[in-house]
Amino acid sequence: MGTTRRRRPSAGIRTAAAVLGAALLATGCDDGGAENKASPAKSAPTRPAWNTRPESLASLGDSITRGFDACSVLKDCPEVSWATGTEVDSVARRLLLSPQTSSWNYARTGARMADLPDQMRSAVTHKPQLVTVLLGANDACRSDVTEMTPVDRFRADFESSLGTLRSSLPKSQVYVAGIPDLKRLWSEGRKNALGKQIWKMASICPSMLRDADAVDEAAEERRAQVDKRVGEYNAVLKDVCSRDALCRYDGAVNGYGFTGQELSRWDWFHPSKKGQGELAGMAYRTITSKEPVA
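From a predicted model like this one, the values you see are computed outputs, not experimental measurements.

Q: Describe the state of the cysteines, naming the residues involved and giving the relevant values.
A: Applying the stated criterion to the full structure yields three disulfides. Through a disulfide, Cys 71 is tied to Cys 77; the S-S separation comes to 2.0 Å. Judged by the torsion about the S-S bond (-65°), the Cys 71/Cys 77 disulfide is left-handed. Disulfide pairing is shown between Cys 141 and Cys 205; the S-S distance is 2.0 Å. The chirality of the disulfide connecting Cys 141 with Cys 205 is left-handed, given an S-S dihedral of about -80°. Note that Cys 141 is positioned in the loop between helix H5 (137-140) and helix H6 (151-168) and Cys 205 in the loop between helix H8 (193-202) and helix H9 (206-209), a separation of 64 residues in sequence. Assigned by exposure class, Cys 141 and Cys 205 land together as buried.

This is the structure we're talking about:
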């Protein structure tokens, strides 16, 4: 029997087949007509949940958190501290069942941002669920405006401190209070003659409070420089804190209008017991809010 030879496709047919195959590849289809299945979308990373009822607290900062001049002249009074005090409705008393055994106050009168890394290292040894920070006024309160802490150094120390916390306690929360409005404190405190004498004798925040009644161009420029630097510090606190999912910055402290009743009757600059209570209220609202306070 003879064999039947298969005919090769003509050149035209081969060309058409190649064009069709390229078209199928370009459209993502195969020659069987199967549907193209889209790859699943990547889910956004889950933001850590904020615990509105932390069970332990470490407070870091300066004279404000030590209750300086709230009970007696030129002395600390941690019993009325807005953060850990036992004789005021402090954050610790509002949050903790046993504030004396589950809260720690490592603030120090006169501290600047450069002291925060050491304070943070002390705090992490207790493994607190919440760390509060109110610090920065002394970086602006210098004998002269030229001695104010440079903004980049302020930022570096704050970032270093949060880094120390995160490397040891990645789940601990941080509440950062804004630096109070020093210029408003000058404006309010200068109304009291005794307060102005205390400012002078104790050399309290001379960059802002020196020559309290002077309103000449040089004095106004000096106060403006301090006010500007405080604004820059607060911007740093807000920015660095915003990049940490478990950090909340509270700008309300800077915006709060302290009056004579909320200022120490010994120096008319630091918060009184009533002023400490106001600070505690602002902090508590921010800490217990389910969502960050705008």
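Q: How would you summarise the pattern of salt bridges if you had to cite specific residues and measurements?
A: Applying the stated criterion across every chain, the model contains 16 salt bridges. Of the charged contacts in the structure, one is a salt bridge between Arg 155 and Asp 239, with a shortest N-O distance of 2.9 Å. Highlighted residues: Arg 155 in helix H6 and Asp 239 in helix H10 (residues 217-242), separated in sequence by 84 residues. Of the residues examined, Asp 239 reaches a relative accessible area of 31% and is grouped as partly exposed.

Q: Which residues make up the nonpolar core, and what values go with them?
A: Residues Trp 82, Val 176, Leu 182 and Phe 269 are the most contacted members of the largest nonpolar core, which totals 64 residues. Here this core gets seven residues from one element, more than from any other, and that element is H10.

Q: Can you break down the pairing of strand S5 (residues 247-250) residue by residue, with the values?
A: Side chains Cys 247 and Tyr 249 of S5 all project onto a buried face; the interleaved residues Arg 248 and Asp 250 project onto the opposite face, where all are buried too. Where strand S4 (residues 173-177) meets S5, four bridges bridge the pair, whose relative direction is parallel. Residue pairing for S5: Ala 177 is matched across the bridge by Asp 250.

Q: Explain the side chain of Ser 264 residue by residue, including any values.
A: Examined against the element boundaries, Ser 264 turns out to sit in the loop between helix H11 (252-255) and helix H12 (273-288). Classification of Ser 264 by relative accessible area gives buried; the value is 1%. Once residues lying within four places of it in the same chain are set aside, the contact partners of Ser 264 are Asp 69, His 270, Pro 271 and Ser 272.

Q: Provide a residue-level description of unusual backbone geometry, including the pertinent values.
A: Positive phi, close to 55°, is recorded for Leu 74, a residue that is not glycine. Structurally, Leu 74 can be placed in the loop between strand S1 (57-61) and helix H2 (91-95). On the basis of relative accessibility, which here comes to 45%, the residue Leu 74 falls in the partly exposed class. Phi at Lys 127 is positive, roughly 55°, even though this residue is not glycine. Tracing the sequence through the fold places Lys 127 in the loop between helix H4 (116-124) and strand S3 (130-134). For Lys 127, a relative accessible area of 61% gives the class exposed.

Q: Could you give an account of the sheet that holds S5, naming the residues involved and the relevant values?
A: One open sheet accounts for five strands, arranged S2-S1-S3-S4-S5; its pairing is parallel. Each having just a single partner strand, strand S2 (103-105) and S5 make up the two edges of the open sheet. Neighbouring strand axes in the sheet, compared pairwise and without regard to direction, differ in orientation by 15° on average. Of the pairings in the sheet, the one linking S1 to S2 comprises three bridges and is parallel in character. Note that in S2 the partner of Ser 59 across the bridge is Asn 105.

Q: Talk me through the packing of H4 against H6; I want residue IDs and the actual numbers.
A: Running from N to C, H4 and H6 cross one another at 15°; their axes reach a closest spacing of 8 Å. The pairing of H4 with H6 is recorded here as roughly parallel in orientation. The interaxial crossing formed by H4 with H6 has right-handed handedness. Residues Leu 116, Pro 117, Met 120, Arg 121 and Val 124 of H4 lie in contact with H6, whose contacting residues are Asp 157, Phe 158, Ser 160, Ser 161, Thr 164, Leu 165 and Ser 168. Grouping the constituent residues of the contact of H4 with H6 by class yields six nonpolar, four polar and two charged.

Q: Give me the confidence of the model for the chain: which residues, what numbers.
A: Detail in the predicted coordinates should be disregarded across regions flagged by low pLDDT. Across the chain, the average pLDDT comes to 88, with 84% of residues at or above 70. The low-confidence segment residues 1-37, where pLDDT is below 50, has six contacts with residues more than four positions distant or belonging to other chains.

About the thresholds
Residues numbered from 1 in each chain as written. Predicted model: local features only at pLDDT ≥ 70, side-chain atom pairs only at ≥ 80, totals over all residues. Heavy atoms only, no water. Disulfide = S-S within 2.5 Å. Helix = DSSP H or I, 4+ residues; strand = E, 2+ residues; numbered from the N terminus. Buried < 20%, exposed > 50% of the residue type's maximum accessible area, 1.4 Å probe, protein only. Salt bridge = Lys/Arg side-chain N within 4 Å of Asp/Glu carboxyl O. Core = buried A, V, L, I, M, F, W, Y, C linked by side-chain atoms within 4.5 Å. Pairing = 2+ DSSP bridges. Contact = heavy atoms within 4.5 Å. Axes fitted to C-alpha atoms, helices over the stretch in contact; angles between N-to-C directions. Parallel < 35°, antiparallel > 145°, perpendicular 65-115°, else oblique. Left-handed = near helix turned anticlockwise from the far one by under 90°. Nonpolar A, V, L, I, M, F, W, Y, C, P; charged D, E, K, R; others polar. pLDDT = per-residue confidence, 0-100.

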